[in-house]
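Breakdown of the fold
So you can see what is in the structure, the chains are spelled out below.
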Amino acid sequence: MYIPLQLRLTLFYTVIIALALWFFGQTVYAQAEQRAYADLNTTLSSRAASVRLGKFLASPGTLPTVLPSVDGLGTGGVSIEVLSDKMSLLAATANNTNDFTNPTVDNLGSSPIPWDSQAARIALQQFDPLSNSPHGYYSTVTYQRQHIRVYTLANVDFGSVHIIQTARSEQDIEQSLANLRLLLLQGGTLAIIFALVGGWFLTWGVLFAVRRVTKTARSISTSRNFSQRVPTQTRFGKDELAVLATTFNEMLTNLEELYQHQERFVADASHELRAPITSIRCNLDLLTKAPDLPPAEAQAALQDARAEADRMGRLVNDLLTLTRSDASLASLQHEVSLTDGYRKIHRHGQIVDLDSLLLEAFRQYHPTKEQNTTESQQNGPRLLLQNITPTQVYGDADQLKQVIVALLDNALKYTPFEGSVSLALSTETDEAMVTVTDTGIGIAPEDIPHIFERFYRADRARSRERGGSGLGLAIVQSIVQQYHGSIEVESTPGKGSTFTVKLPLANS
Ligand code: ADP
């Protein structure tokens, strides 16, 4: 079930606010109620005490039948009755007002005597005239649909027992409590409405940035246009949402680069593969359309097709190597981000004797060269081996040999026959340095930044004619990076180039 986050958040804290308000309202109301009834109780008991201690009860003979309100006994809506132990009325507050706006027991008409006979009886029963320790009872009676609070006190004066009952209507308390309840309800409702509206707008503002990111992501997924970006400015300065937008944009930049790179790579690869396929197809067409071709020409066409097939095979191999090393580089980078030690990382692969690898690669080329020197001085540049320091690095022997071979291959490819190529291995602090120097055609400064790119060829015609695909140096770089090494090139056009591969030493 899809419930929008905005609605969920708004409802969530509206419910929280409503609960808080409910608890607050309950507490305020309960306290007000308790306070009002406690005050009423105090008023009733103190009035009863005043009657008891007052001069009116000094002797039964002097007891007036009407308790005057001037002495404060019958004011404030409190009515008083003094009864004998036979429940006959001895005295009462005057029933002389008809003020119905402020109802008291008095002005309700003929009030019953006593107001609460049950309480009066209990008070009499439990009263001990000997000790004369007055004991009061509170009760509430309903009279003419009004709640009346009654206080009953038994008391002995001059040998006779009296019951004093003080009473007051609860109506005004009930009225103020009802007002308070209404106020709390109205205030609470208003607060909840504010919380709903405020919460709705607040979450709308917060989720606006998230919605922008979603909109951009959706538009990218439908249009495949990675050039779109999410606005990073927010109304409240730099916050988590601005960081989210910036991170999202960074991710888009990376994806865009990757996508373009991938597109270029696929386009280049198809372009490179098309040439040998076309050539093979032409040769095969020739062989099918002209079955009576002289054997020498047919042989040449077949050889041509075979050479192109070989070239295509090499290209596909190179592409495969690159894809694999890309994958292992990606997993390595992931590992680097998970661990923090460089040392831990570069101990990838096995320990490899770099000097032996160099010698192996050298020998691979040298017999040709020796043959060349004996047969013809013009058949290839001289290959020289310079100082070789015994060195161990971590890596894969086959891959590292592939690096040396690719560099030697290039050096020999781009060096005229009368030139020379030298190979050296030395160490520098904690790095092994493989140097391949040639006295070849060199590389123009504007080409140097690009020669490690896939399919880049400074001299397209020359490279192609020598079987180059433009992938050699890209493969070299990705292998070297895989073992945390680096590759540098220095070159002077017309004079020669030096490629230096640096790899961390195994025993550093
Ligand atoms: P290729 O298969 O074309 O040799 P590489 O990736 O090995 O592809 O090299 C890329 C380009 O760098 C080459 O096309 C060439 O122009 C240039 N290059 C590489 N090595 C040398 C070198 N030793 N001397 C001159 N140019 C070189």
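Computed from a predicted structure; not experimentally measured. (Residues numbered from 1 in each chain as written. Predicted model: local features only at pLDDT ≥ 70, side-chain atom pairs only at ≥ 80, totals over all residues. Heavy atoms only, no water.)

Secondary structure assignment for the protein yields ten helices and 13 strands. Residue burial in the protein is summarised as follows: out of 508 residues, 38% are buried. Summarising the internal contacts of the protein: among those between residues at least 6 apart in sequence, 67% fall at separations of at least 24. Of the roughly 29,100 Å² that the protein leaves accessible, carbon and sulfur atoms contribute 58%. (Helix = DSSP H or I, 4+ residues; strand = E, 2+ residues; numbered from the N terminus. Buried < 20%, exposed > 50% of the residue type's maximum accessible area, 1.4 Å probe, protein only. Contact = heavy atoms within 4.5 Å. Areas by Shrake-Rupley, 256 points an atom, 1.4 Å probe, with all protein chains shown as cover.)

A few words now on helix 2 (residues 117-126). When we look at burial in helix 2, the residues that qualify are Ala119, Ala120 and Ala123. In a view along the axis of helix 2, the buried residues occupy a sector of 100°, so they form one face of it. Turned more than 90 degrees from where helix 2 packs its buried face, Gln118 and Gln125 sit exposed. Looking at the packing, one finds that the buried side of helix 2 touches strand 4 (136-143), strand 5 (146-157) and strand 6 (160-169). Measuring from the backbone nitrogen of Gln118 back to the side-chain oxygen at the start of helix 2 gives 3.4 Å, which picks out Asp116 as the cap. (Arc of directions from axis to C-beta. Polar contact = N/O pair within 3.5 Å; in protein donor to acceptor, adjacent residues only side chain to side chain.)

The predicted model of the protein averages 82 in pLDDT, with 83% of residues at 70 or higher. Low confidence marks residues 369-378, where pLDDT is under 50. Its contacts with residues over four positions away, or in another chain, come to nine contacts. (pLDDT = per-residue confidence, 0-100.)

On to the sheet that holds strand 11 (residues 431-438), then. Across the sheet, five strands lie side by side as 8-10-11-13-12; this open sheet has mixed pairing. Either end of the sheet is taken by a strand with one partner, and the two such strands are strand 8 (382-388) and strand 12 (486-492). Strand-to-strand, the axes of this sheet are offset by a mean angle of 15°, without reference to chain direction. With five bridges joining them, strand 8 and strand 10 (residues 420-428) adopt parallel strand pairing. In the sheet register, Leu384 faces strand 10, and the bridge partner there is Ser422. Lying on the sheet, helix 8 (residues 397-413) is in contact with strand 8, strand 10, strand 11, strand 12 and strand 13 (496-504); it crosses strand 10 at an angle near 145°. (Pairing = 2+ DSSP bridges. Axes fitted to C-alpha atoms, helices over the stretch in contact; angles between N-to-C directions.)

The next subject is unusual backbone geometry. In this model, Thr429 sits at a positive phi of 40°, which is unusual for a non-glycine residue. Within the fold, Thr429 resides in the loop between strand 10 and strand 11. Residue classification places Thr429 among the exposed positions, given a relative accessible area of 79%. Positioned with a positive phi, His484 is a non-glycine residue whose angle comes to about 60°. With respect to the helices and strands, the residue His484 is situated in the loop between helix 10 (472-482) and strand 12. Under the relative-accessibility criterion, His484 is labelled partly exposed at 23%.

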